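Now for the letters of each chain:
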Number of protein chains: 2
Amino acid sequence: MSLPHAILTALLEKPSSGLELTRRFDRSIGYFWSSTHQQIYRELGKLEQAGQIRALPSAQPARGQKKEYEVLPAGRAALSAWVALREDPKQIRDPLLLRMRAAAVVGAPGLDAELRRHLELHRKQLAEYLAIEERDFPPERNSEEDRLRHLVLRGGIDLENFWIGWLTRALDGIPATGSSPSAG
Amino acid sequence: MSLPHAILTALLEKPSSGLELTRRFDRSIGYFWSSTHQQIYRELGKLEQAGQIRALPSAQPARGQKKEYEVLPAGRAALSAWVALREDPKQIRDPLLLRMRAAAVVGAPGLDAELRRHLELHRKQLAEYLAIEERDFPPERNSEEDRLRHLVLRGGIDLENFWIGWLTRALDGIPATGSSPSAG
DNA sequence: CGCCATTATGCAACTTGTTGCATAATGGCG
DNA sequence: CGCCATTATGCAACAAGTTGCATAATGGCG
């Protein structure tokens, strides 16, 4: 139920073609709702059929040619309705935690190396988020919209900090199996 | 790729029937890899066909009757191989963050109430995890397996703390729209 | 026995997300 | 023009997860 609403949000921020949406997802909305271009095109088709978006008149309906979409009033209404919904947080689903649990049963040579690898990846992601924060949310930008968008980004930052903290503590708690731990 | 391995892990900890697995998932593994009984039965069938598990000889193959499974050597080997895999962390996918982003565009009356509701739910979940920690991981239990399982639970605890922290800060940062904020 | 709640297994249809590939326009270069 | 890289749209098959329901055994109760 979320992808169409992610697309509506992106299109309201700026009318775009399928590929443009894909690129914007990679840089922004995709940080908390990722998607491929195939999924986006499929969803754009459904949204158009449902009368929630339409192709801009300028865009010819030919295959290899850009086709830009904009949100119709029905689409905005649908998005508003969705925002107002209550929805319980879902249980997490994390393969790394699952693998650690499995490791408790079948053993885990090299698990510490995998944890270190993840730690590095999360540090990189955190650095990226912090760079975006510095660029997009200087103190003087403080409208209601900016504050909400900033909070969303803050969610990403806090989440990376959670992983970094947990992984660091986990590495303290399990024995090293790889080559010299001091040289990592 | 994860559910079959979650099932193998659970079956290695203790041979079980489909419904027993479902219940154990609800209480334990399901905290980070949830599943329904339908999915579990389907997966048990596939694992049996693949020669990774087998029904215990005592269990008659009749429809309304309990059928217990145990892991075969091939299953244990498959699980070990999976544990040794590298797998990058996936992007988060969170509808609440998405809704907040949408709210920045179409407005969000009542969003603060939803955040407060989530905050309460996460506090409850945290309390549940802490109770489990106290019950299952007293200081004297400190085998390698216990430490790994405890780390997994710690992941859940830390994650709830992340949400509680973020939601609290978010509520500080957006205006209250509901009835008297001081009486919440 | 007949009725019913509970325990238990399982199928089918659907939705969502992923992977691989096909097709079409456009513009640069020789 | 022919060739090719790039941009762009899109289909099809598959995998994973969800929802709704069907079926079967068992044990308690009248």
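Below or above, wherever it landed, is the structure these notes cover. (Residues numbered from 1 in each chain as written. Chains lettered and ligands numbered in written order. Predicted model: local features only at pLDDT ≥ 70, side-chain atom pairs only at ≥ 80, totals over all residues. Heavy atoms only, no water.)

## A look at the overall build of chain A
Each helix and strand counted, chain A has seven helices and two strands in total. Whereas a compact globule of 184 residues would reach a radius of gyration of roughly 16 Å, chain A reaches 21 Å, over 25% beyond that. Overall, chain A is about 65 × 40 × 35 Å in size when its C-alpha atoms are taken along their principal axes. The burial tally for chain A puts 46% of its 184 residues in the buried class. (Helix = DSSP H or I, 4+ residues; strand = E, 2+ residues; numbered from the N terminus. Rg over C-alpha atoms; globule rule 2.2 N^0.38 Å. Buried < 20%, exposed > 50% of the residue type's maximum accessible area, 1.4 Å probe, protein only.)

## Regarding the interface of chain A and chain B
Taken together, the contact between chain A and chain B spans 67 residues of the former and 66 residues of the latter. Interface area for chain A against chain B, summed over the two sides, is near 6500 Å², with a carbon-plus-sulfur share of 66%. Where chain A packs against chain B, one counts six salt bridges. The partner of Arg101 of chain B in a salt bridge is Glu13 of chain A, and the shortest N-O contact between them spans 3.0 Å. Here chain A is connected to chain B by 22 residue pairs in polar contact (both at pLDDT 80 or more). Those elements that place two or more of their residues in the side of chain A that touches chain B are helix 1 (3-13), helix 4 (73-84), helix 5 (95-106), helix 6 (111-136) and helix 7 (144-173) of chain A. Looking at the side of chain A that touches chain B element by element, the count peaks at 16 residues for helix 7 of chain A. When its residues are assigned to classes, the side of chain A that touches chain B shows 34 nonpolar, 15 polar and 18 charged. (Contact = heavy atoms within 4.5 Å. Buried area = accessible area lost by both parts, 1.4 Å probe. Salt bridge = Lys/Arg side-chain N within 4 Å of Asp/Glu carboxyl O. Polar contact = N/O pair within 3.5 Å; in protein donor to acceptor, adjacent residues only side chain to side chain. Nonpolar A, V, L, I, M, F, W, Y, C, P; charged D, E, K, R; others polar.)

## Digging into the relation of the copies chain A and chain B
Screw-axis analysis of chain A against chain B gives a translation of 0.0 Å along the axis, an RMSD of 0.0 Å, and a rotation angle of 180 degrees. Considering both components of the superposition, the chain copies are consistent with a two-fold axis. Considering only C-alpha atoms, the part of chain A nearest the rotation axis is Phe162 of chain A, at 3.2 Å. Taken together, the interface assignments show that 99% of the residues at the interface of chain A recur at the interface of chain B, consistent with an identical surface on both copies. (Least-squares fit on C-alpha atoms with pLDDT ≥ 70 in both.)

## Here we look at the packing of helix 1 of chain A against helix 4 of chain A
Residues and elements named next belong to chain A. With their axes 10 Å apart at the nearest point, helix 1 and helix 4 run at an angle of 125 degrees to one another. As the angle between them shows, helix 1 and helix 4 are arranged oblique. Regarding helix 1 and helix 4, the two cross each other, and that crossing is left-handed. Two secondary-structure elements touch here, helix 1 through His5, Leu8, Thr9 and Leu12 and helix 4 through Gly75, Arg76, Ala78, Leu79 and Trp82. Split by residue class, the contact of helix 1 with helix 4 holds five nonpolar, three polar and one charged. (Axes fitted to C-alpha atoms, helices over the stretch in contact; angles between N-to-C directions. Parallel < 35°, antiparallel > 145°, perpendicular 65-115°, else oblique. Left-handed = near helix turned anticlockwise from the far one by under 90°.)

## Considerations on the protein's contact with DNA strand D
The full set close to DNA strand D counts 22 residues, and Leu19, Arg23 and Tyr41 of chain A together with Arg42 and Gln65 of chain B are the nearest of them. Each atom of DNA strand D within 4 Å of the protein was classed as base or backbone; sugar and phosphate made up 58%. In this structure, a phosphate oxygen belonging to DNA strand D sits 3.4 Å away from a main-chain N or O atom of Gly18 of chain A. Within the residue set of the surface near DNA strand D, elements represented by two or more residues are helix 2 (18-27) and helix 3 (37-49) of chain A together with helix 3 (37-49) of chain B. A total of four residues in the surface near DNA strand D trace back to one element, the largest contributor, which is helix 3 of chain A. (Near = heavy atom within 4 Å.)

## Quick word on the protein's contact with DNA strand C
Close to DNA strand C lie 22 residues; Gln65 of chain A together with Leu19, Arg23, His37 and Tyr41 of chain B are nearest. For DNA strand C, the fraction of atoms within 4 Å of the protein that belong to sugar or phosphate moieties is 58%. Leu19 of chain B has a polar backbone atom sitting 2.7 Å from a phosphate oxygen of DNA strand C. The contact in question runs from a phosphate oxygen of DNA strand C to an N or O atom on the side chain of Arg23 of chain B, over 2.8 Å. Sorting the residues of the surface near DNA strand C by element identifies helix 3 of chain A together with helix 2 (18-27) and helix 3 of chain B as the ones contributing at least two each. Top element by residues in the surface near DNA strand C is helix 3 of chain B. It accounts for four residues. Classifying every residue of the surface near DNA strand C by side-chain character gives four nonpolar, 10 polar and eight charged.

## What about the pattern of salt bridges?
All told, the structure shown has 32 salt bridges over all chains when counted by the stated rule. Across the pair Asp88 of chain A and Arg117 of chain B runs a salt bridge, and its minimum N-O distance is 2.7 Å. Here the residue Asp88 of chain A occupies a position in the loop between helix 4 and helix 5, and Arg117 of chain B occupies one in helix 6 (residues 111-136), the pair thus bridging two chains. Between Glu114 of chain B and Arg117 of chain B there is a salt bridge whose closest N-O contact spans 3.0 Å. Of the two residues, Glu114 of chain B and Arg117 of chain B both sit in helix 6, three residues apart, roughly one turn of that helix. In this structure Glu114 of chain B comes out as buried when scored by relative accessible area, which is 7%. By relative accessible area, which is 17% here, Arg117 of chain B ends up buried. Taken together, the shared-partner salt bridges connect Glu13, Arg24 and Arg149 of chain A together with Arg101 of chain B into one network.

## Here we look at the nonpolar core
The biggest cluster of nonpolar side chains holds 102 residues, and the ones touching the most others in it are Ile7, Met100 and Leu115 of chain A together with Ile7, Phe25, Met100 and Leu115 of chain B. When neighbours within four sequence positions are excluded, Phe25 of chain B is seen to be in contact with Leu3, Ala6, Ile7, Ala10, Gly30, Tyr31, Trp33, Ser35 and Ile40 of chain B. (Core = buried A, V, L, I, M, F, W, Y, C linked by side-chain atoms within 4.5 Å.)

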